[in-house]
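Structural overview
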Amino acid sequence: VLVEVNERPILDHVTDAYQRAGIRDVTVVRGYAKEAFPEGRLRYVDNDEYETTGELVSLQRALHALSDVTEDVLVVSYGYVLFTKFVPELLCDRGGDLAITVDTAWRSGANRDRQADYVRCSAPYSRRTFYDSVRLERADEALQEEEIHGEWMGFLKIGPAAQPVVRELVDRMLAVPENRRAKLPMLLNTL
């Protein structure tokens, strides 16, 4: 996240996109080289076990640090994904307490033929389903091509009512030692 793109760290671009979407409180989970992160406008939560744990442990650290923010919607995203303000705006505008974003143009994406978080949904994308509720059925990098409806973009909305449920679920999942290296799609599948 500290790699520069257009002479600025990716983290600056991500923070700016969130702020343009009206999200002012940005919390970053740090692991490797946490001392390199600039102090200032961001809140940090540390995962000092980053070498032996996965994304789910980092999310757990953030959820527990933010447990007092239950009246606000939480938008979880990877720190290295560049996006426009449209993505978090779309998530926050959707009803429901849980939502994800899916790139339905995955066939032409940069991750084509590489490991990616592919998804199968209750319905494939069409212009008629854009504003409909479509349910996630499976997130898995090993989905067969004919099953793939898109690629998870790495964004998860957790509304106020769902936050205690997600926090408890993550804690239960991480009580199983084999899950300590789990990635976020495991949580999506469990939800």
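The structure reproduced in this document is the subject of the present report. Only a predicted model underlies this, so the values are computations on that prediction, with no experimental measurement involved.

1. A short note on the overall build of the chain
- Tallying secondary structure elements over the chain gives five helices and nine strands in all.
- Shown N-terminal to C-terminal, the secondary structure of the chain runs as helices and strands in the order β-β-α-β-β-α-β-α-β-β-β-β-α-α.
- Taking 16 Å as the expected radius of gyration for a compact globule of 191 residues, we find that the chain reaches 17 Å, a close match to that expectation.
- Looking at the chain as a whole, 37% of its 191 residues are labelled buried.

2. Some points on the nonpolar core
- Ranked by internal contacts, the top residues of the largest apolar core, which has 24 residues, are Leu 56, Leu 59, Ile 158, Val 170 and Leu 187.
- Secondary-structure elements contributing two or more residues to this core are helix H2 (55–65), strand E5 (74–77), strand E7 (118–121), strand E9 (150–158), helix H4 (163–174) and helix H5 (184–190).
- Of all the elements, H4 adds the most residues to this core, at five residues.
- Residues within four places of Val 170 in sequence aside, it is in contact with Leu 56, Leu 59, Gln 60, Leu 63 and Leu 187.

3. Topic: the packing of H2 against H4
- Two elements in contact, H2 and H4, have axes whose closest approach is 10 Å; the angle formed by their N-to-C orientations is 140 degrees. On the basis of their axis angle, the class for H2 and H4 is oblique. Classified by chirality, the crossing of H4 by H2 is left-handed. Along its contact with H2, which presents Leu 56, Val 57, Leu 59, Gln 60, Leu 63 and His 64, the element H4 presents Val 166, Arg 167, Val 170, Asp 171, Met 173 and Leu 174.
- In the contact of H2 with H4, the residues fall into eight nonpolar, two polar and two charged.

About the criteria used
- Residues numbered from 1 in each chain as written.
- Predicted model: local features only at pLDDT ≥ 70, side-chain atom pairs only at ≥ 80, totals over all residues.
- Heavy atoms only, no water.
- Helix = DSSP H or I, 4+ residues; strand = E, 2+ residues; numbered from the N terminus.
- Rg over C-alpha atoms; globule rule 2.2 N^0.38 Å.
- Buried < 20%, exposed > 50% of the residue type's maximum accessible area, 1.4 Å probe, protein only.
- Core = buried A, V, L, I, M, F, W, Y, C linked by side-chain atoms within 4.5 Å.
- Contact = heavy atoms within 4.5 Å.
- Axes fitted to C-alpha atoms, helices over the stretch in contact; angles between N-to-C directions.
- Parallel < 35°, antiparallel > 145°, perpendicular 65-115°, else oblique.
- Left-handed = near helix turned anticlockwise from the far one by under 90°.
- Nonpolar A, V, L, I, M, F, W, Y, C, P; charged D, E, K, R; others polar.

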